[in-house]
Amino acid sequence: MSDQTPPVRPRRGETPSRASLRTAVVWEVLRDALDRRAKATGRDALDVLDTGGGSGNFAVPAARLGHRVTVVDPSPNALFALERRAAEAGVADRVRGVQGDVHGLFDVVERGGFDAVLFHGVLEYVEDPAEGVRNAVEALRPGGALSLLAAGLGGAVLARALAGHFTEARRALGDPAGRWGEGDPTPRRFTAEQLTQLVGDSGLEIASVHGVRVFADLVPGVLVDTEPGALEALLKLEEAAAESPAFHAVATQLHVLGEKRG
Ligand SMILES: C[S@@+](CC[C@H](N)C(=O)[O-])C[C@H]1O[C@@H](n2cnc3c(N)ncnc32)[C@H](O)[C@@H]1O
């Protein structure tokens, strides 16, 4: 995990970084959801819970937008890095790190106490994904939003195949957890249908589904690093493809935004 806090999104005329290429689509959706919630509640500073927030890739930029962020994570090392990063970004007073687990979420945070819950890159690792999503949803206030980001099955199959690992690609395709083999570091991957079902079953309305990192991980670095304007053009392509269901099937990650009825 990088120690650099990625920019929320490159400003107009600014050159995007590789990191922003990987997070821009999620930030666009999340920022819009936070803005809408702020408008609906009349509160500029929202209460955000980042479940499995790690060292603050999303928590610190969210605090920089003015929100109060609670990060629950089982890793003391990640929480230590979070504290340092929040201090460096000047938002230590708006970021609270709590050691805990999504399965015992209400041992450490309030039920129904948050305007938004981020659940990014964690569902792959939890013991019981359905319970994890249910707990994340129960942490929301009525009208609040769940931002769920998880590894996509199709993206992994495509990446293994393009790297010449055809047998692993086929194994991932047929494996119930979407794993390509014993050496696969990701315990579980999902299709867009599985994620929307998990979110829908927990009682939320599906506000949007986006494919994330459709091309970014497949394009050779030299093509984007040496060609002037290539990174910006790739970012625009990612944003355009993210909305298209056809590309959800091959995205490295999938993002689902769910909203709790008010
Ligand atoms: C890939 S990192 C993602 C970190 C951050 N959400 C992000 O998007 O950059 C996965 C994080 O999930 C945390 N984690 C693993 N199992 C968890 C669980 N059962 N409950 C909460 N967090 C968990 C890990 O400690 C780690 O910080």
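Further up the page is the structure itself.
In short, a report on the structure. Quick caveat, the model's predicted, so the values are computed rather than measured.

## Here's the deal with the nonpolar core
Counting residues in hydrophobic clusters, the biggest one holds 31 residues, and the most contacted among them are Leu49, Val117, Phe119, Leu123, Leu146 and Leu195. Secondary-structure elements contributing two or more residues to this core are strand S4 (114-120), helix H5 (129-138), strand S5 (140-151), helix H8 (192-201) and strand S7 (253-259). Setting aside anything within four residues of it in sequence, one finds Leu195 in contact with Leu123, Leu148, Ala150, Phe190, Leu254 and Val256. Judged by nonpolar contacts, the second largest core, of 25 residues, contains Leu30, Val48, Phe58 and Ala62.

## Quick look at the pairing of strand S3 (residues 95-99)
Examined bridge by bridge, strand S2 (residues 68-73) and S3 share five bridges and lie parallel to one another. Counted as the bridge partner of Val71 is Gly97 from S3. After leaving S2, the chain enters helix H3 (residues 76-88) and then returns to the sheet as S3, a path that is right-handed.

## Section: the sheet that holds S5
In spatial order, the strands read S3-S2-S1-S4-S5-S7-S6; together these seven strands make up an open sheet with mixed pairing. Edge positions in the sheet fall to S3 and strand S6 (205-212), since each has one partner strand and no second. Neighbour to neighbour, the strand axes of the sheet diverge by 15° on average, direction disregarded. Both strand S1 (residues 47-51) and S2 contribute to a ladder of five bridges, which runs parallel.

## Considerations on the site of the ligand
Taken together, 15 residues sit near the ligand, with Gly52, Asn57, Asp73, Val102 and His120 positioned nearest. Residue Asn57 places a side-chain N or O atom 2.8 Å away from an oxygen atom belonging to the ligand. The backbone of His120 places a nitrogen or oxygen atom 2.7 Å from a nitrogen atom of the ligand. Considered on its own, the ligand offers 600 Å² of accessible surface; in the complex 80% of this is hidden by protein.

## Comments concerning unusual backbone geometry
Phi is positive for Arg213, close to 60°, though the residue is something other than glycine. The exposure class of Arg213 is buried, given its relative accessible area of 19%.

Calculation criteria
Residues numbered from 1 in each chain as written. Predicted model: local features only at pLDDT ≥ 70, side-chain atom pairs only at ≥ 80, totals over all residues. Heavy atoms only, no water. Core = buried A, V, L, I, M, F, W, Y, C linked by side-chain atoms within 4.5 Å. Buried < 20%, exposed > 50% of the residue type's maximum accessible area, 1.4 Å probe, protein only. Helix = DSSP H or I, 4+ residues; strand = E, 2+ residues; numbered from the N terminus. Contact = heavy atoms within 4.5 Å. Pairing = 2+ DSSP bridges. Right-handed = clockwise from strand over helix to strand, strands pointing away. Axes fitted to C-alpha atoms, helices over the stretch in contact; angles between N-to-C directions. Near = heavy atom within 4 Å. Polar contact = N/O pair within 3.5 Å; in protein donor to acceptor, adjacent residues only side chain to side chain. Areas by Shrake-Rupley, 256 points an atom, 1.4 Å probe, with all protein chains shown as cover.

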